[in-house]
Amino acid sequence: MVFQAIIFDLDGVICFTDEYHYQAWKRLADELGVPFDRQKNNRLRGVSRMASLEIVLEDYTEPLAEAEKLALADQKNETYKTLLAQMSPSDLPEDVRTTLLALRERGLKLAIGSSSKNTPFILQQIGLADFFDAVSDGNNITKSKPDPEVFLKAAQMLDVAPECCLVVEDAVAGAEAAHRGNMRAACVGDAAKAAAGDYNLSSITELLSII
Ligand code: BG6
Ligand code: MG
């Protein structure tokens, strides 16, 4: 397979903001008195903010109005943004930085495909605001992963056919989205452990031997 473009998920692939998502949801869950652990957190990977809230609230027995749910999601996001505000370019892992540069050197188009509405802020914080050829994120989609919309939009922005794009993901829902979009998936982290990808990597640097 000759790939022309690589579409990277952000949280848990480019940087470890997945840990900050966990901490922010955990704080909300503790306040609500509902159980929440890392295993449950894995189900939130790639899933939109409101869909994540529904999973967090699975064990919450009180009925909640839509406005109350929106307020809880906002509360979580405020905690999350406080953690993001402490990030700097030193939070871009060295292996990610060298891999991105080597892939660009090889002439590949590089994009972000993330469900997060905080994508522009995170890219700014880690010094990648102007790096990618396209950024498709939670602000330009109506359906989150496992729907392929975010990746199909990224491919469109790059003007590359979906079958020539490789998606890099840490979420099982993200690997499924890639497949539903007729793309191959290279997985790291949780999704690699679940063998959800066409390639299951132990380090992102292994992308250089696939391409
Ligand atoms: C994804 C994360 O990248 O973005 C999910 O994997 C998260 O865990 C989703 O819920 C939405 O993020 P945000 O920043 O818009 O709340
Ligand atoms: Mg992710």
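Note that the structure is predicted; figures quoted are calculated from it, not measured.

Trainee: Go over the nonpolar core with me, naming the residues and quoting the values.
Mentor: In this structure, Phe8, Ile14, Leu100, Leu110, Leu128, Phe132 and Leu207 are the most contacted members of the largest nonpolar core, which totals 31 residues. Mapped by element, the contributors of at least two residues to this core are β1 (5-8), α4 (66-84), α5 (94-105), β2 (109-113), α6 (119-125) and β4 (165-169). The element that contributes the greatest number of residues to this core is α5, accounting for 3 residues. Contact partners of Phe132, with chain neighbours within four places excluded, come to Phe8, Ile14, Leu100, Arg104, Leu110, Ala111, Ile112 and Leu123. Grouped together as the second largest cluster of nonpolar side chains are 23 residues, Ile7, Ala134, Ala175 and Ala196 included.

Trainee: Run through the pairing of β4, naming residues and quoting values.
Mentor: Summarising burial for β4: 5 of the 5 residues are buried, a large majority. Bridge count for β1 against β4 is 4 bridges, and the pairing is parallel. Directly across from Ile7, in β4, lies its bridge partner Val167. In the sheet, β4 pairs with strand β5 (residues 184-187) via 4 bridges, with the strands oriented parallel. Residue pairing across strands places Val168 opposite Ala186, the latter belonging to β5. With helix α8 (residues 172-180) bridging β4 and the parallel β5, this β-α-β connection has right-handed handedness.

Trainee: Describe helix α1 (residues 17-32), naming the residues involved and giving the relevant values.
Mentor: Under the 1.5 Å per step criterion, the end-to-end length of α1 is 23 Å for 16 residues, consistent within 8% with the ideal 22 Å. On its buried side, α1 packs onto α2 (38-42), α3 (49-56), α4 and α6.

Trainee: Could you give an account of the coordination of the magnesium ion (ligand 2), with specific residues and numbers?
Mentor: Summarising the metal site, the magnesium ion (ligand 2) is bound by the protein donors Asp9 (OD), Asp11 (O) and Asp170 (OD), whose distances to it range over 2.0 to 2.1 Å. Summarised as a motif, the one-chain spacing of the donors to the magnesium ion (ligand 2) is D-x1-D-x158-D. Linking Asp9 in the loop between β1 and α1 with Asp170 in the loop between β4 and α8, this pair joins segments that are 161 residues apart in sequence. When sorted by exposure, Asp9 lands in the same class as Asp170, which is buried.

Trainee: A description of the packing of aromatic side chains should follow, citing residues and the corresponding values.
Mentor: This structure, assessed with the given rule, holds 3 aromatic pairs. Taking 5.1 Å as the distance between ring centres and 90 degrees as the angle between the ring planes, the aromatic pair formed by Phe131 and Phe132 counts as edge-to-face. Across the pair, Phe132 and Phe131 agree in class, each one buried. Every member of this aromatic cluster is reached through a ring pair, and the members are Phe8, Phe131 and Phe132.

Trainee: Lay out the side chain of Asp170 in plain terms, naming residues and giving numbers.
Mentor: Take Asp170: its relative accessible area is 2%, and that puts it in the buried class. Within the structure, the side chain of Asp170 is placed 2.7 Å from the side chain of Arg45, a separation counted as a polar contact. Apart from residues lying up to four places away in sequence, Asp170 is in contact with Asp9, Asp11, Gly12, Val13, Asp18, Arg45, Val188, Asp190 and Ala191.

Trainee: A description of the domain arrangement of the protein should follow, citing residues and the corresponding values.
Mentor: How big an interface is tends to be reported as the loss of accessible area on association of its parts. According to the domain assignment, the protein contains domain 1 (5-15 + 88-210) and domain 2 (18-84). The gap between the C-alpha centroids of domain 1 and domain 2 is 23 Å. Of the residues lining the interface, 15 residues belong to domain 1; the matching set on domain 2 comes to 12 residues. Across the domain 1 to domain 2 interface the summed buried area is about 1,100 Å²; carbon plus sulfur atoms make up 49%. Put simply, domain 1 and domain 2 have 1 salt bridge between them.

Rules used in this analysis
Residues numbered from 1 in each chain as written. Chains lettered and ligands numbered in written order. Predicted model: local features only at pLDDT ≥ 70, side-chain atom pairs only at ≥ 80, totals over all residues. Heavy atoms only, no water. Core = buried A, V, L, I, M, F, W, Y, C linked by side-chain atoms within 4.5 Å. Buried < 20%, exposed > 50% of the residue type's maximum accessible area, 1.4 Å probe, protein only. Helix = DSSP H or I, 4+ residues; strand = E, 2+ residues; numbered from the N terminus. Contact = heavy atoms within 4.5 Å. Pairing = 2+ DSSP bridges. Right-handed = clockwise from strand over helix to strand, strands pointing away. Expected span 1.5 Å × (residues − 1). Donors = N, O, S within 2.8 Å, 3.2 Å for Na, K, Ca; no water. Phe/Tyr/Trp six-rings, centres within 6.5 Å; stacked < 30°, edge-to-face > 60°. Polar contact = N/O pair within 3.5 Å; in protein donor to acceptor, adjacent residues only side chain to side chain. Domains from an automatic or database assignment. Buried area = accessible area lost by both parts, 1.4 Å probe. Salt bridge = Lys/Arg side-chain N within 4 Å of Asp/Glu carboxyl O.

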